[in-house]
Amino acid sequence: MRIGVAGAEPATPSAAPALRFLLDIEADAPIRALTLTTQIQIDAAARAYDDEARDRLRELFGPPGTWKPDLPGLLWAQTVTHLPGFTGSTTTPVTVPCTYDFDVAATKYLHGLRDGEVPLRFLFTGTVFYLDGARLQAAHLPWDTEAEHRMPVAVWKNLMDRYFPDTAWIRLERDTFDRLHAHRTRHSLLGWDDAVRSLLETSES
């Protein structure tokens, strides 16, 4: 069985941000059913980075001057897709929920890129039910079934802008949030941006 990635697009309609990757699947025998597990990794070592990108990705990979050529890969998502039978070839979507949670390494990486492409590696496994003559057979799809895809950074950024225009999200401990809320109230600040800006301006002065 051969699997390729045809492209990525926003998953619509969707209440939360998600991308849909289109998989092209070819098989030599008639397929009765396929349970496909897809693991998507960001192959960080497979692209170049300018000085700005290296600085923005410092939290993931360390100071720019210490980067090694073999940057570690980042796990983005793992999904399970159930396909009906087909003969020859078929195309199926794999939907990947996307988060703007900066505690997630993949989000830090995607946010850190200004432009270019995101090098992705798709690892597949699962169970294939196929016909061998008149007999129904089952086979395991090994993890060395892989595909690569270079997704434009703009695909992810446009998706985030659609759901979170001009915003980003961070998670705070409750005690930190309470202190920030008290600071906002004490100084009669209108919004959370105003509260954070006032603290930044105080520390920079």
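Criteria and thresholds
- Residues numbered from 1 in each chain as written.
- Predicted model: local features only at pLDDT ≥ 70, side-chain atom pairs only at ≥ 80, totals over all residues.
- Heavy atoms only, no water.
- Helix = DSSP H or I, 4+ residues; strand = E, 2+ residues; numbered from the N terminus.
- Contact = heavy atoms within 4.5 Å.
- Pairing = 2+ DSSP bridges.
- Axes fitted to C-alpha atoms, helices over the stretch in contact; angles between N-to-C directions.
- Salt bridge = Lys/Arg side-chain N within 4 Å of Asp/Glu carboxyl O.
- Buried < 20%, exposed > 50% of the residue type's maximum accessible area, 1.4 Å probe, protein only.

J.: Pulling in residues and values, what's your account of the environment of Val96?
T.: Mapped onto the fold, Val96 is located in strand 5 (residues 89–97). A sequence separation of 78 residues divides Val96 from Ala18, and the C-alpha atoms of the two residues are 5.4 Å apart. If we skip the residues at most four places from it in the chain, Val96 touches Ala18, Leu19, Phe21, Ile40, Trp76 and Ala77.

J.: So, the sheet that holds strand 3 (residues 31–42): which residues are in play, and what are the values?
T.: The sheet built from 4 strands is open, its strands ordered 4-3-6-7 with antiparallel pairing. Looking at which strands have only one partner, the edges of the open sheet turn out to be strand 4 (74–86) and strand 7 (135–152). Here the average twist between neighbouring strands, direction ignored, is 15°. Summarising the sheet, strand 3 and strand 6 (residues 117–132) pair through 11 bridges and their orientation is antiparallel. Across the sheet, the residue bridging to Leu36 is Gly126, located in strand 6. Here helix 4 (residues 153–163) sits on the sheet and contacts strand 4, strand 6 and strand 7; the angle it forms with strand 7, its principal contact strand, is near 85°.

J.: Quick one: what's the story with the pattern of salt bridges, residue by residue and with numbers?
T.: Pairs may arise between side chains of opposite charge once their charged atoms sit close together. According to the stated counting rule, one finds 12 salt bridges in the structure shown. Between Asp43 and Arg121 there is a salt bridge whose closest N-O contact spans 3.3 Å. Placement of the pair is Asp43 in the loop between strand 3 and helix 1 (51–56) and Arg121 in strand 6, with a sequence separation of 78 residues. Among the salt bridges present, the one from Arg171 reaches Asp103, with a minimum N-O distance of 2.6 Å. Remark: Asp103 occurs in the loop between strand 5 and helix 3 (105–112) and Arg171 occurs in the loop between helix 4 and helix 5 (174–186); sequence separation between them is 68 residues. Exposure remark for Asp103: the relative accessible area of 48% places this residue in the partly exposed category. What emerges from the salt-bridge pattern is a single network uniting Arg2, Glu26 and Asp28.

Function-wise, these values are silent; they only describe arrangement.
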